[in-house]
Every structure is written in structure tokens, then in C-alpha cells.
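# Remarks on the overall topology
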Amino acid sequence: MITPTPLMRLVAGVWGFKTLAVGVELGLFTRLADGRTITVAEAADEFGLEERPADLLLAASASLGLLERAGDGYRNSALAEQFLVEGRPYYFGAQVRYSDLRTYLPWHRVGEALRSNRPLTWDPQTQQSMFDTTDPAMVAEFWDAMFSTSSFTARALADAYDFGAHRRLLDVGGGAGAFPVELCRRLPELGATIFDLPHVCAKAEQRIAAEGLSGRIGTVGGDFLADPALPPGHDVILLSMILHDWDEPTNRALLAKCHAALPPGGAVVVCELLLNDERTGPPEAALMGMNMLIETEGGRNYSRAEYAAWLTDAGFVDVRTVWFDAPGANGAVIGRRA
């Protein structure tokens, strides 16, 4: 029998996110690092709460798989211990904070975005792009969120595709450098360049220096949309979570630049949340497409078949797809320059 229970789960989805977000805001999971257990009474005292809200928060967090019971108290689940403890290599809390601060409230007006076909998190009439903001705190949150999401995604991509076959990586729109950092840590012979806006490169250089990789990862300031060509001298180009920000003509033009910049045998790797060819899912890709309605002027999530066709039309051969499970992407479509 069909029931409305699946619809109620959708209704309650925002409750789950906000429970996660307030746990991150309070530092709950960081405080419970390394196996610490906390009772309701201890949580109430530690977070300045009364007994009822403390009890509800812990119970709800456990129901979401973020905490687990341990005697009379609660402790981090394996998921929270690995990804929600600040300072851990793949800390995901920055993405949670950014989404809560930047996109949650605009999503309340998604009907407006549907009717106007205009972004809600920035104003195209007064700003050049979604990355143009005078709020330094939000800029910091954005880059921390992108690094948070990209680090584990880079790990998953490296398991699915052999970057060891290459010597020099160009990360187009590479942001703070999560992908080159992860890949160069794994592959001692690999060098990398981040190509992004000059102020973004400055942020990347700080992160790269902190990771001790300044000798192997460099930056080139520029605009991959406006500049006529990409930096030469690389045998693999990465476009990670880039093409969903733009419309098809823009993406085709960028892929043509990639083809021109690569030597024969070089590869381009398009890493994204890919829709299936029928454009019916998976939900994480389709809903990210809806988020592009909120965040961009022309972005949407595309299918594996669409990317494959664009790569072929740009002159790439041996186009194939690798699949994996990560927060920022579920696969990569790869083409080789003949």
C-alpha cells in the first residue's frame, strides 16, 4: 500500500540538517572526540541548556547516526568521529556551517528562483559572480567549505583514476588547493598548478605552504573564462565541481581550451555529481542542480552522456567514466587528446 510516509521524510529533511548544523555550531562532536561520553545532565551543564533541550538534541543526533548510546550517555558515532571533529584531515563541519549561513535561507525562496531564473545568494546587477562579496567572513567560510568537501572527494577520485600516469596536473578553478594537496601527498612524482583568480591563488598559497607542498604545487592567477588560453606545460587537466556552475556554451568553450592546452596523450578529468542519462537521479546530483538555480545564473548538473558528448565534440578520444562515492562528486568523465 502506498502511504505518505516518504513525503513526511522529505518534510522532516530540514529538521535533520538543522540538528546537524546546531551540533556543529555548539562544537558537540569536537568535544566528544576520542571516545568521550556525555550524559544528558553533563550536556545541559556544558552547553548551558536545560535538561529537556539537551535530551532532545542528543536523542535526535543519535537518530541521525551522528551519536550512539554508551551506557547512560552518548558518544560520537564513527561517522562523526571521522568527519565532524574539528582538526581531523577530512573535517566536514566547514561545509555544514557554510550551507547553514549561505544557502539555507535563500532556499526558502526557491519558488522565486524558479519564476525569475535568477540566483538568490547574490545580485547579478551589482556583483560580477557568486564569488564576488565584500564579506570577508563569508569568503573564509566559502573556501573552508570547498576545501572540506573537496578533500575527501579528491581521495575518492584518486582511488578511481590513476593520476600516477601523469607528471604535471593543472587544476582549473582549483580554489584553496584541496585536490592538488591530496593528490601530491599520495603521488611523490606528481607536480601541480592551480589556475584561479589572483586573490584565490593567494589563499591557496597559504594552504599549500601550511601543508609543506610549496615546492611541488604552484599557482597561476587568471580567469579561466575570460583568458584566451590555459597555462601550458601540463599533461592532465582537472575540472572538479566547475562545469556545473555554467551553461553549456560556456562549458564547451572551456573544454576546447583544455584540448588546446594539452599535449598529445594528455587527459582532461571532469569530476562532478553526475546525473544519470535519463536525468531522473541520483538525488544528490539532481538536488545540486536545484542548488545551482539558487547560486548561479546558468549552472545546472549534467549527465554523464552530456559531458561525454561535449568531450568528443571538443576532439577528445577514449572518453570513459569512473564512478565513486564522495560528497562533492559521484564520478568523473575522462577524455584523452589524441
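Here is a short report on the structure shown in this document.

Rules used in this analysis
- Residues numbered from 1 in each chain as written.
- Predicted model: local features only at pLDDT ≥ 70, side-chain atom pairs only at ≥ 80, totals over all residues.
- Heavy atoms only, no water.
- Helix = DSSP H or I, 4+ residues; strand = E, 2+ residues; numbered from the N terminus.
- Contact = heavy atoms within 4.5 Å.
- Pairing = 2+ DSSP bridges.
- Right-handed = clockwise from strand over helix to strand, strands pointing away.
- Salt bridge = Lys/Arg side-chain N within 4 Å of Asp/Glu carboxyl O.
- Buried < 20%, exposed > 50% of the residue type's maximum accessible area, 1.4 Å probe, protein only.
- Phe/Tyr/Trp six-rings, centres within 6.5 Å; stacked < 30°, edge-to-face > 60°.
- Lys NZ or Arg CZ within 6 Å of the ring centre and 35° of its normal.
- 1 Å grid on protein atoms, 1.4 Å probe; cavity = no way out; pocket = protein on both sides within 12 Å on 5 of 7 lines; lining within 4 Å.
- Points joined across faces, edges and corners; volume = space filled by probe spheres on them.

### Observations concerning the side chain of His259
Within the element layout of this structure, His259 appears in helix H11 (residues 248-261). The contact partners of His259, leaving out residues within four places of it in the chain, are Ala314, Gly315, Phe316 and Arg337.

### Section: the pairing of strand S6 (residues 217-221)
Side-chain direction in a regular strand flips from residue to residue, so the side chains alternate between the two faces of the sheet. Here strand S5 (residues 191-196) runs beside S6; their pairing, made up of 5 bridges, is parallel. Opposite Ala192, over in S6, you have Ile217 as the bridge partner. Between the parallel elements S5 and S6, the chain passes through helix H10 (residues 198-210) in a crossover that is right-handed.

### Describing the pattern of salt bridges
Applying the stated criterion across every chain yields a total of 18 salt bridges. Between Arg279 and Glu306 there is a salt bridge, with the nearest N and O atoms lying 3.1 Å from each other. Taken together, the positions of Arg279 in the loop between strand S8 (267-272) and helix H12 (283-295) and Glu306 in helix H13 (residues 304-313) put the pair 27 residues apart, joining distant regions of the chain. What makes Arg279 partly exposed here is its relative accessible area of 42%. For Glu306, a relative accessible area of 23% translates into the label partly exposed. Through salt bridges that share partners, Arg31, Arg36 and Glu46 make up one connected network.

### What to know about the packing of aromatic side chains
Each aromatic ring pair is summarised here by two numbers: the centre-to-centre distance and the angle between the ring planes. Taken as a whole, this structure holds 8 aromatic pairs when the rule is applied. An angle of 85° between the planes, with centres 4.9 Å apart, marks the rings of Tyr161 and Phe163 as edge-to-face. The two residues Tyr161 and Phe163 agree in class, both being buried. Seen in terms of ring centroids, Tyr307 and Trp310 are 5.4 Å apart; in terms of plane orientation they differ by 85°. Their pairing is edge-to-face. In this pair, Tyr307 and Trp310 both sit in helix H13, 3 residues apart, roughly one turn of the helix. With relative accessibility at 4%, the residue Trp310 sits in the buried group. By way of ring pairs, the aromatic residues Phe83, Tyr90 and Phe152 are connected into one cluster. Here Lys18 stacks its cationic end above the ring of Tyr104, 4.6 Å away from the centre of that ring.

### What about the layout of surface pockets?
Regions of empty space are outlined by a rolling probe, equal in size to a water molecule, passed over the atoms. Space inside the second largest pocket adds up to approximately 320 Å³. Looking at the second largest pocket, it is lined by 17 residues, and the ones nearest its centre are Arg88, Pro89, Tyr91, Phe147 and Arg207. Those elements that provide at least two residues to the lining of the second largest pocket are helix H6 (93-107), helix H8 (136-160) and helix H9 (178-186).

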